[in-house]
Amino acid sequence: MISFVGAGPGDVDLITIKGRRLLEEADVIIYAGSLVSKEHLEFSKENCEIHNSASMTLEEVIDVMVESEKKGLKVVRLHTGDPTIYGAIREQMDILDSKGIIYEVIPGVSSFTAACSAIKKEFTLPNVSQTVILTRIEGRTPVPEGEDLEELAKHKASMAIFLSVQDIDRVVEKLAKGYGSYDFPVAVVYKASWEDQEIVLGTLGNIAKKIKEKGINKMAQILVGNFIEGEYERSKLYDPSFSHKFRLSSEDKFRQGSEAK
Ligand code: SAH
C-alpha cells in the first residue's frame, strides 16, 4: 500500500494520528526533505528504508514506490503541510493510476492554518470576509490568467499567499494595486509551528522592509486582510438572541418556560 501523508507544518505533533501510525508501520518512507522536519523519521521502524525526495526526480520517486509495492511493502510518501496544496501529488497519483497501483491520501495541517493560529486570528469574520483565498505569485511556475494577485486582491477576501515571500516587493505592489491602498494589514509567518518560528506584523506599506531586516526570504506564509486587524461583528452562532438546531435563544427559552407553566 502507498500512503501520501500530510506531515503538518513543522511541529512533529501536528501530524494526524493516522499519519503517525502509518509512519510507525512503514517499510519505506519517501519524505520531502526540504520542508518536512526530520524529527518525523524518528518514529519509523529501525529497518525502514528512507529516501529524501529533494534530490530525486518524479521518475525516481515512482520507481521506489513501484518496486516497494511489488515486494508488498508499506510505503509512506511524506509531504509537508497538507499534501493536496502545492504538494505536486497529482502527477504522482496519475502515474500510479496508469500502472493500476492503489494508494490513499491522508490530509495534514496546512501551513496556512498553522500561520493563522500562530498569529491567533481567524480568517473568516462576519462582515469582514467569509472567504479565504490560497494562492501564490507566479514564479517559474505560471499562474493562470485571472488569478493574478492584483485581481484576487479586488475581492478583499482573506488571503494566504504561499511560495512568494522571496518576491515580497512584487507581491506588495500587486496587492496594493488591487486593494487601492498600502494601508492594509499583513502578517508574515516564517516557519509556523517550528521552534524558530517568526511573526512579522505590518501593512503593505512597511512589511517588505520589516521582513528583509529579519532576513526572511523563504518558508513563510504571507497572510493579508482585514481579519488581521480591525472591527468585526460577533458571530450569530454564539449570540444569545439567535437560536439554531442545537441551542435555543434566550427569548425562545423564556417562551418555552412560560408555556410549561
Ligand atoms: N503543502 C504545504 C505547502 C507546500 S508549498 C502546506 O499545506 O503547507 C511550500 C510553501 O508552503 C512555502 O513556500 C511556504 O510558503 C509554505 N510553508 C510551508 N511550511 C510552512 C511553515 N511551517 N510556515 C510558513 N509557511 C510554510
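See the structure printed just above.
The present account deals with the structure reproduced in this document.

The rules behind the values
Residues numbered from 1 in each chain as written. Predicted model: local features only at pLDDT ≥ 70, side-chain atom pairs only at ≥ 80, totals over all residues. Heavy atoms only, no water. Salt bridge = Lys/Arg side-chain N within 4 Å of Asp/Glu carboxyl O. Buried < 20%, exposed > 50% of the residue type's maximum accessible area, 1.4 Å probe, protein only. Helix = DSSP H or I, 4+ residues; strand = E, 2+ residues; numbered from the N terminus. Contact = heavy atoms within 4.5 Å. Pairing = 2+ DSSP bridges. Axes fitted to C-alpha atoms, helices over the stretch in contact; angles between N-to-C directions. Arc of directions from axis to C-beta.

Overview of the pattern of salt bridges
Tallied over the full model, the rule gives 13 salt bridges. Arg170 is paired through a salt bridge with Asp167; the nearest N and O atoms lie 2.8 Å apart. Here Arg170 falls in the partly exposed class, since its relative accessible area comes to 34%. A residue is classified by how much of its surface remains accessible, and Asp167, at 23% relative accessible area, is partly exposed. Beyond isolated ion pairs, a larger network of salt bridges with shared partners links Glu138, Asp148, Asp167, Arg170 and Lys174.

Thoughts on helix H4 (residues 111-118)
Listed in full, the buried residues belonging to H4 are Phe112, Ala114, Ala115, Cys116 and Ala118. For H4, the elements touching its buried residues are strand S6 (132-136), strand S7 (158-162), strand S8 (185-190), strand S9 (198-203) and strand S10 (220-224).

A closer look at the sheet that holds strand S2 (residues 28-31)
Reading across the sheet, the 5 strands line up as S3-S2-S4-S1-S5 and stay open at both edges, with parallel pairing between neighbours. For this open sheet the edge positions go to strand S3 (49-52) and strand S5 (103-106), each flanked by a neighbour on one side alone. The mean inter-strand angle of the sheet, taken between neighbouring strand axes irrespective of direction, is 15°.

Considerations on helix H7 (residues 207-214)
Along H7, the residues that are buried comprise Ile207, Ala208 and Ile211. Buried residues of H7, seen end-on, are gathered within an arc of 95° and therefore sit on one face of the element. Seen from the open side of H7, the exposed residues pointing more than 90 degrees away from its buried face are Lys209 and Glu213. Phi turns positive one or two residues past the end of H7, at Gly215, with a value near 75°.

Quick notes on the sheet that holds S7
If you walk across this open sheet you meet the 5 strands as S6-S7-S10-S8-S9, and the pairing is mixed. Unpaired on one side and paired on the other, S6 and S9 mark the two borders of the sheet. Across this sheet, the average inter-strand angle for adjacent strands is 20°, counted without regard to direction. Sheet topology places S7 next to S10; 3 bridges connect them, and they run antiparallel. Residue pairing across strands places Ala160 opposite Leu223, the latter belonging to S10. Contacts from H7 reach S8 and S9 within the one sheet, and its direction differs from that of S9 by about 155°.

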